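Inside the fold
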Amino acid sequence: MKILFYGTKNYDEHFFQKQKPLYPDISITFIEANIGPETAALAKGYDGICAFVNAVLNREVIRKLGHLGIKLILMRCAGYNNVDLKAAGEMGISVLRVPGYSPEAVAEHAMALALTANRHTHKAYIKCRENNFALNGLMGVNLCGKTAGIVGTGKIGLAMARICRGFGMKVLAYDLFPQKDSDLLTYVSLDELLKQSDLISLHCPLTPETRHLICAESIAKMKDGVILVNTSRGGLIRTEDLIAGIRDHKFFAVGLDVYEEESAYVYEDMSEQILQTSTIQRLLSFPNVTMTSHQGFFTKEALDSIAKTTLENAQAFLEGKKLVNAV
Ligand code: NAD
């Protein structure tokens, strides 16, 4: 089975090549170009393609892939909000993903963002390098004794809940499908979570229902001085409303690993470019906002696990076995 890997970086190649000898019947070609309407044609002669969170797999692209005889889309990530599943079904293409490859990788990054945004460690580091040992602008708040609100208690949300408990926080949670209440957390309504939490961390998927879950209305329900962290998907937050909330001094700190405008830039070095959008720059202009570029997943353990499960998914498809990671 021949698979074309779109949008690959050297680290993808490294971790997939490590696993590859275990799968002699699968041949992989790595290319840097990402999949989109212009590059779909490169999949001619392949049986399947592999793509990541930053891929465009809309109806147009999927129809092109279907006409080329592609039968399998391997997502080497957990989220699949960028894939038109209906179109894939119509074209007889199976879509497989890697659920829960390392929930701790993302949860630990969520806490890292909360701490960086709160304690300004990114600024303190630069200041010390410049021999500026003054503390102005660096004051944070304690997390111990405060309340964390976790939206979405799947694998990552629960890992984040455990971390927050380790920090001595009380943990509230909201989920459409709550797990059993445990010693770890207490389920409340979304309104109650917004009202009571000092740290809100988003861990639900992006769906039509969750798009702009954080908007002017929900921001108004939050505590003044709340810390907001998003490592899930940019579309969960209505950015214009977040910016208005930051200007109203609603937030003590905001940590974003994902944002609405990211798809044109994510994983690319744009340092020499004149960017044609300005939301990211406006967010970065605030002293209490810290941003990273969708790197929550980026640990050795997670990349190992992604490569392993993606190739297991391909092998299961090849052998006609039950596709446990189909979406
Ligand atoms: P999961 O499927 O284990 O958990 C998602 C949880 O969200 C489930 O419990 C589900 O019931 C809940 N949910 C669904 N709709 C909801 C709603 N409307 N309101 C509240 N809760 C809702 O997923 P996971 O593995 O924990 O991943 C969560 C998200 O993290 C993914 O969808 C993805 O977008 C994101 N993610 C980000 C990175 C990164 O690098 N930043 C990496 C992996 C995953």
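Residues numbered from 1 in each chain as written. Predicted model: local features only at pLDDT ≥ 70, side-chain atom pairs only at ≥ 80, totals over all residues. Heavy atoms only, no water.

Let's shift gears to the site of the ligand. Taken together, 22 residues form the shell around the ligand, and within it Lys-155, Ile-156, Asp-175, Thr-231 and Asp-257 come nearest. Between the ligand and the protein, one listed contact pairs an oxygen atom with a backbone N or O atom of Lys-155 at 3.0 Å. Between the ligand and Ile-156, the relevant distance is 2.9 Å, taken from an oxygen atom to a main-chain nitrogen or oxygen of the residue. Computed on the free molecule, the ligand has an accessible area of 870 Å², of which 88% lies beneath the protein chains in the complex. (Near = heavy atom within 4 Å. Polar contact = N/O pair within 3.5 Å; in protein donor to acceptor, adjacent residues only side chain to side chain. Areas by Shrake-Rupley, 256 points an atom, 1.4 Å probe, with all protein chains shown as cover.)

Moving on to the sheet that holds strand E2 (residues 27-30). Spatially, the five strands line up as an open sheet ordered E2-E1-E3-E4-E5, and their pairing is parallel. Edge positions in the open sheet fall to E2 and strand E5 (94-96), since each of these has one partner strand only. Within the sheet, the average angular offset between the axes of one strand and its neighbour, ignoring direction, is 20°. Relative to strand E4 (residues 72-75), strand E3 (residues 48-51) runs parallel, the two sharing four bridges. Within the sheet, the bridge partner assigned to Cys-50 lies in E4 and is Leu-74. Contacts from helix H11 (residues 300-318) reach strand E1 (2-5), E2, E3, E4 and E5, with the element oriented near 160° to E4. (Pairing = 2+ DSSP bridges. Helix = DSSP H or I, 4+ residues; strand = E, 2+ residues; numbered from the N terminus. Axes fitted to C-alpha atoms, helices over the stretch in contact; angles between N-to-C directions. Contact = heavy atoms within 4.5 Å.)

Attention now goes to unusual backbone geometry. For residues besides glycine, phi is generally negative; the peptide bonds are generally trans as well. The residue His-120 is not glycine, and still its phi comes out positive at about 60°. With respect to the secondary-structure elements, His-120 resides in the loop between helix H4 (103-119) and helix H5 (121-129). Its relative accessible area of 7% is what places His-120 among the buried residues. Within the chain, His-212 stands out as a residue other than glycine whose phi angle is a positive 60°. Within the fold, His-212 resides in the loop between strand E9 (199-202) and helix H8 (216-221). The exposure class of His-212 is partly exposed, given its relative accessible area of 25%. (Buried < 20%, exposed > 50% of the residue type's maximum accessible area, 1.4 Å probe, protein only.)

On domain assignment, one finds that the protein chain holds domain 1 (2-101 + 299-319) and domain 2 (103-291). The C-alpha centroid of domain 2 is placed 30 Å from the C-alpha centroid of domain 1. Facing the twelve residues of domain 1 at the interface are eight residues of domain 2. A buried area of about 860 Å², summed over both sides, lies between domain 1 and domain 2, and 59% of it is on carbon and sulfur atoms. Counting across the interface, domain 1 meets domain 2 through one salt bridge. Taking the shortest distance from any N to any O, the salt bridge between Glu-268 and Lys-9 comes out at 3.3 Å. (Domains from an automatic or database assignment. Buried area = accessible area lost by both parts, 1.4 Å probe. Salt bridge = Lys/Arg side-chain N within 4 Å of Asp/Glu carboxyl O.)

On to the packing of helix H1 (residues 10-19) against H11. At a minimum axis distance of 9 Å, the contact between H1 and H11 shows a crossing angle of 55°. Considering the angle they form, H1 stands oblique to H11. Both H1 and H11 take part in a crossing whose hand is right-handed. Note on element contacts: H11 touches H1 through Lys-300, Leu-303, Asp-304, Ile-306, Ala-307, Lys-308, Thr-310 and Leu-311, opposite Tyr-11, Phe-15, Phe-16, Lys-18 and Gln-19. Its residues placed into classes, the contact of H1 with H11 shows seven nonpolar, two polar and four charged. (Parallel < 35°, antiparallel > 145°, perpendicular 65-115°, else oblique. Left-handed = near helix turned anticlockwise from the far one by under 90°. Nonpolar A, V, L, I, M, F, W, Y, C, P; charged D, E, K, R; others polar.)

What follows is about the pairing of strand E10 (residues 226-230). Where burial is concerned, most of E10 is hidden: five out of the five residues are buried. In E10, alternate side chains face the same way, and those of Val-226, Leu-228 and Asn-230 on one face and Ile-227 and Val-229 on the other are all buried. Note: E9 against E10, four bridges, orientation parallel. For Leu-202, the partnering residue across the bridge sits in E10 and is Asn-230.

This next bit is on the pattern of salt bridges. Two side chains carrying opposite charge are able to pair once their charged atoms lie near each other. Tallying each qualifying case throughout the model produces 16 salt bridges. Between Arg-59 and Glu-90 there is a salt bridge, with its nearest N and O atoms 2.8 Å apart. Here Arg-59 is found in helix H2 (residues 59-67), whereas its partner Glu-90 is found in helix H3 (residues 85-90), with 31 residues between them in sequence. Under the relative-accessibility criterion, Arg-59 is labelled partly exposed at 31%. Among the residues examined, Glu-90 registers a relative accessible area of 45% and is labelled partly exposed.

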